[in-house]
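Breakdown of the fold
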Amino acid sequence: MDLFNYTPRRTHVAHIKGCDIGGDNPLRLQSMTTCATTDTEGCVAQCERIIRAGGDLVRLTAQGTIEANNLAPIRQALRDKGITAPLVADIHFNPRVADVAATIVEKVRINPGNYVDPARTFKHMEYTDEEYHAELERLETRFRQFLAICREHGTAIRIGVNHGSLSDRIMSRYGDTPAGIVESCMEFLRVCEREDFKDVVVSIKASNTVVMVQSVRLLCHVMHDEGMDYPLHLGVTEAGEGEDGRIKSAVGIGALLCDGIGDTLRVSLSEEPEREIPVAYQLAKYVAGTRTGHPFIPGQPCPVFDYLHPVRRPTCPVGNIGGTNPPVVISARLDGDQTMGNLRPDYIYCGSNLPAPDQRMSETGYIVDASAWTGEEGTYPAYTPDVLMTIGACAASIKFLFLTFTSLGDEVKACLRKHPEMVVVAQSNHPNRTGELRALVHELWNERLTNPVVFFQHYQFGAEQREEFQLCAAADMGALLFDQITDGILLLALPGQGQRPLTAAQVDETAFGILQAARLRTTKTEYISCPGCGRTLYDLPGTIARIKAATSHLRGLKIGIMGCIVNGPGEMADADYGYVGAARGKVSLYRGKTCVEMNIPTEEAVDKLLSLIESDQQKRAAAGEQQA
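So, a few notes on the structure that sits alongside this text.

Quick notes on the rules
- Residues numbered from 1 in each chain as written.
- Predicted model: local features only at pLDDT ≥ 70, side-chain atom pairs only at ≥ 80, totals over all residues.
- Heavy atoms only, no water.
- Helix = DSSP H or I, 4+ residues; strand = E, 2+ residues; numbered from the N terminus.
- Buried < 20%, exposed > 50% of the residue type's maximum accessible area, 1.4 Å probe, protein only.
- Pairing = 2+ DSSP bridges.
- Core = buried A, V, L, I, M, F, W, Y, C linked by side-chain atoms within 4.5 Å.
- Contact = heavy atoms within 4.5 Å.
- Axes fitted to C-alpha atoms, helices over the stretch in contact; angles between N-to-C directions.
- Salt bridge = Lys/Arg side-chain N within 4 Å of Asp/Glu carboxyl O.

So, the environment of threonine 237
By secondary structure assignment, the location of threonine 237 is in the loop between β7 (232-234) and α9 (242-257). Here threonine 237 falls in the buried class, since its relative accessible area comes to 7%. Along the chain, threonine 237 and proline 531 lie 294 residues apart, while their C-alpha atoms are 8.2 Å from each other.

This is how it looks when you write it as C-alpha cells:
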C-alpha cells in the first residue's frame with residue numbers, strides 16, 4: 001500500500017440482497033438491536049429507528065432456534081412497512097442456529113472462535129499436528145454444510161472474529177497475537193475459496209485498538225498474499241459510551257479508513273443503537289470526503305519502518321519529549337486562557353502572549369514564539385523555518401520548530417542535525433494530512449534525524465461541533481499513533497464566525513483521550529463496555545452510569561462492563577476488573593481473567609464490585625507502606 005496517498009483497497013463485491021458491500025459501493029453503515037429478539041415489536045421499532053438514522057443494515061442476535069425463527073416475523077413486519085434494508089443474524093456457539101437464520105435473513109454473522117470450537121476457557125491445550133488437522137477437517141465439514149444452505153437461499157455471511165472469543169485451539173497454537181486472530185479468520189476464508197463462495201464480508205474486532213488495527217493490517221496482507229480480496233467490516237468492540245467511546249472508535253476505525261481499508265463499519269457504543277449511525281456517518285464522510293482525489297504526496301517510506309509490526313521511531317529525548325517517554329500534550333492557548341480542566345497539559349503554546357509568572361500553571365512548560373522569548377526559566381522558544389538564522393544565540397535546553405513537509409529543505413535538515421534538542425511540531429494543510437505528516441516523519445527518518453515529533457492538528461470547529469472535532473482529530477491521529485511515530489500531540493480548534501469557542505480544557509481532554517484510546521498514555525479510568533444486544537442480561541446503561549460515577553476518580557484502572565459471557569472475559573482480558581452478565585438477573589465479577597464471585601444478584605453486584613476494588617487498593621497501599 002501507499003503510506004502517503006489515499007487509495008481505497010480494492011475488493012470484490014459481496015452481494016447482500018438490497019445492499020451490496022465492497023467494490024465501488026460506498027461505505028455501508030450498520031448497528032445492532034439491543035432488545036430481546038423474541039420481542040418482535042421492540043426489534044421492529046429499533047430496526048426502524050436505525051434505518052431512519054441512516055443505517056444500511058441491521059444486526060440482531062439469535063442465541064437459539066427460538067430467536068432465529070422469530071427473525072421471520074420481524075423481517076416481515078419491516079417489509080410490510082416498506083423497509084427493505086437487509087437483516088443480519090448474529091450467531092455464537094450453535095451452528096444449527098446459523099443454519100436456521102440463513103433461511104430467513106439476508107446475511108448471517110458467525111464467530112470463528114465459537115462456531116465449532118467450544119467456548120474459550122483460557123486453558124492451554126496441547127495439539128499434535130495430526131490432532132490439529134483433524135479439528136480443521138471437522139470445522140470444514142460443518143462449515144461447508146452451512147455454506148450450502150446460504151448458497152441455496154442467496155444468503156451472504158460475515159466471518160466475524162472477536163479478539164475476546166478466540167478458541168483455546170487457536171490460542172494454544174498461536175497465542176494471544178494478531179497472527180492467531182488472523183489465522184482464526186483465514187481458516188474459514190480458505191474454505192470459502194475452495195467452495196467458490198464469494199458473498200463474504202470479514203471483520204476482526206477488539207476492544208484494544210492496538211490489537212484491532214495491527215490485526216486488520218495483517219489480515220489485509222495475508223489475504224493479498226493468498227489472492228483474496230474480501231470486503232472488510234470495521235469496528236472497535238466494547239468501545240464504551242459518551243466521548244470516550246466516540247474517540248476510541250474514531251482512533252481505531254479512522255486509522256484504517258485513512259489507509260483506504262474498510263467497506264462497512266459499525267461504531268459500537270453503550271447507548272441507543274440509532275445513536276451509533278451519525279457517528280459512523282461522520283467518520284466515513286470525513287475520511288473519504290477530504291482525501292479522495294487529493295494532490296499527490298511524494299513521500300519516501302523509510303526502509304526500516306514495518307507497517308505490520310511497527311516499533312517506536314528512535315528519537316533523542318528532549319526533556320520529557322521523545323525517547324521512551326509517553327507522548328506529551330501541548331495546549332494551544334494563544335488568548336492567554338489559563339483555565340485548568342481535569343487534566344494538566346505538559347506544555348502550553350502561548351504564541352507571543354506569555355502570561356505573568358503568577359498566572360502560569362505550575363509544573364507546565366511554556367512555549368513562546370522565538371521573537372518574543374526572553375530566556376525566562378520554564379519557557380522555551382518556538383521557531384519557524386524563516387527565522388532559524390537566529391537560533392545560534394539561543395541557549396534554551398528545549399527548542400521547538402513548527403514545520404511542514406514542503407518546508408523540510410536542506411537548510412532545515414542541517415539545523416535539525418546540529419540541534420538535537422529541537423522538537424519538530426509537524427503541521428499540514430493538505431487534504432490528506434495523515435499522509436503528508438507521515439511523509440515528513442519518514443523523511444526525517446530517512447535522513448537519520450532523531451528529533452522528536454509532535455503532531456499539530458488544527459481545525460475550524462466551535463463549541464456546538466465538539467463531537468465532530470473529537471471524531472476528526474481522533475481519525476487524523478489514528479494511523480500516526482499506531483505507526484508509533486508520535487512523541488506528542490497539539491490540538492487547536494478555532495470557531496467559525498458567530499460560533500462559541502471550545503474551551504482550552506475541552507481541547508486538552510480530547511488530546512489526552514486520543515492518546516489513551518491508542519494505549520499510549522493512561523490518564524483516567526478506562527471503561528471497556530459492550531453496546532448491549534438481545535443477549536444482555538441486566539440494565540447495562542444504568543449499571544455503566546453507576547460504576548462510572550463511583551470510579552471515575554481512579555486513574556489508570558481498566559474496568560470491563562459486559563452484558564453477557566460471549567466476549568466477556570476475553571474482550572476484557574487486560575482489564576483490572578470485570579462485571580459480566582452470567583444469567584438473567586445474575587452477574588459474575590472478575591479480577592483480571594479470574595472469576596472471583598459468580599451469580600451475584602444484579603441489585604448487589606455494583607456494590608460488591610466497588611468493595612472489591614476498594615479492598616484491593618487498601619491491600620496495595622498497606623503493602624507499599626510495609627516496603628517503605
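Anyway, onward from the coordinates.
A few points about the pairing of strand β21 (residues 594-601)
Judged from the five bridges that link them, strand β20 (residues 586-591) and β21 form a sheet pairing that is antiparallel. Considered in β21, the bridge of tyrosine 590 is made with cysteine 595. Between β20 and the antiparallel strand that follows it, β21, lie two residues; glycine 592 among them carries a positive phi value of about 65 degrees.

So, unusual backbone geometry
With phi around 55 degrees, aspartate 196 is a residue other than glycine that occupies positive phi space. With respect to the helices and strands, the residue aspartate 196 is situated in the loop between α7 (178-194) and β6 (200-205). Taking the relative accessible area as the measure of exposure, aspartate 196 reaches 52% and is therefore exposed. Notably, glutamate 363 is not glycine yet its phi reads approximately 60 degrees, a positive angle.

Focus on the nonpolar core
Most often, soluble globular proteins have nonpolar side chains that are buried together. Residues Val108, Phe143, Phe146, Ile157, Leu189, Leu416 and Ile514 are the most contacted members of the largest nonpolar core, which totals 145 residues. If you tally residues by element for this core, the top one is helix α13 (residues 466-482), at 11 residues. Not counting the four nearest positions on each side in its chain, isoleucine 514 is found in contact with Ile247, Val251, Ala473, Ala474, Met477, Leu481, Ile489 and Leu491. The next biggest cluster of nonpolar side chains, apart from the first, holds 23 residues, and it includes Tyr527, Leu540, Ile561 and Leu612.

Some details on the sheet that holds strand β8 (residues 264-265)
Reading around the barrel, the eight strands line up as β1-β2-β3-β4-β5-β6-β7-β8 and close back on themselves, with parallel pairing between neighbours. Examined bridge by bridge, β6 and β7 share two bridges and lie parallel to one another. By the bridge assignment for β7, serine 203 is matched with histidine 233. Sitting on the sheet, helix α10 (residues 276-291) is in contact with β1 (28-32) and β8, with an inclination near 155 degrees to β1.

Section: the pattern of salt bridges
The full count for this structure, using the stated rule, is 45 salt bridges. With a closest N to O distance of 3.1 Å, arginine 466 and glutamate 243 form a salt bridge. Of this pair, arginine 466 sits in helix α13 while glutamate 243 is found in helix α9, placing the two residues 223 residues apart along the sequence. The salt bridge partner of lysine 413 is glutamate 447, with a shortest N-O separation of 3.4 Å. In this pair, lysine 413 is assigned in helix α11 (residues 410-418) and glutamate 447 in the loop between α12 (433-446) and β15 (453-459), connecting sequence segments 34 residues apart. Residues joined by salt bridges that share partners form a network here, namely Arg217, Asp259, Arg438 and Asp483.

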